[in-house]
Amino acid sequence: MSTYSGKAFLCQAPNDFGIEDKIWNYVPNYQTALVRIKCVGICNSDFSRLFHGTGHIYPITPGHEIVGVIEESSANSTLLKDSLVCVFPLLPCKVCKNCMQQEFNLCSNYSYMGSRQHGALSTYIEVPNWNIRTLPADLNP
């Protein structure tokens, strides 16, 4: 297990924000990678959660438009340390009828980074490998 420290933006409730010190304990495994955030977007759905109380959960760390670099992954992963990546924030159940037909956007039991669980307005985020796509290194933001 590796331990990383950083910061995370936290919305406790609408119009109630703070920055917290956070520790990430990452255990390398074949299903996830730890991504160090380089860029994160805030969109209209985040704005509504932050200021108008439309969040699914509070407290929440928003941010689902994510670009980062692989900080750590399992030794047998194709996701190499320092690779530039983008993250697909939808977390489908992969067992419902729609998921079985690979219609993940129609999943009946999904989660979503930055909406139904903590997002990427932080130093790091642990992400399922399925949600990570490598970007060309010369695209470095």
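Up top is the structure these notes are about.
The numbering scheme is per chain: residues are counted from 1 as the chain's sequence reads. Only residues with pLDDT of at least 70 get local features here, since the model is predicted, and only at 80 or more are side-chain atom pairs given and counted; chain-wide, interface and lining totals rely on the full set of residues. Only hydrogens and water are removed before side-chain values are computed, so all heavy atoms of the structure are retained for them.

Caption draft 1: A look at helix H1 (residues 44-52). Taken together, the buried positions of H1 are occupied by Asp-46, Ser-48, Arg-49 and Leu-50. In what follows, residue pairs with any heavy atoms lying within 4.5 Å of each other are defined as contacts. A run of H or I in DSSP becomes a helix once it reaches four residues, and a run of E becomes a strand once it reaches two; helices and strands are each numbered from the N terminus. The secondary structure elements touched by the buried residues of H1 are strand E1 (2-13), strand E2 (16-26), strand E3 (32-41) and strand E4 (65-72). Backbone geometry just downstream of H1 places Gly-53 in the positive-phi region, at approximately 75 degrees. Only protein chains enter the accessibility calculation, which uses a 1.4 Å probe. A residue is then buried if its area is under 20% of the maximum for its type, exposed if over 50%, and partly exposed in between.

Caption draft 2: View of the sheet that holds E3. Here five strands make up an open sheet; going across it, the order is E8-E3-E4-E5-E9 and the pairing antiparallel. Edge strands, defined here as strands with exactly one partner in the open sheet, are strand E8 (124-128) and strand E9 (132-134). Mean inter-strand twist for the sheet, computed between neighbouring axes without regard to direction, equals 45 degrees. In this structure, E3 lies alongside E8, joined through five bridges in antiparallel fashion. Within E8, the position partnered with Val-35 by the bridge is Ile-125. By the convention used here, strands pair only if DSSP detects at least 2 bridges between them. As a rule, the C-alpha atoms of each element are fitted with a line to give its axis, helices using only the stretch in contact, and angles between N-to-C directions run from 0 to 180 degrees.

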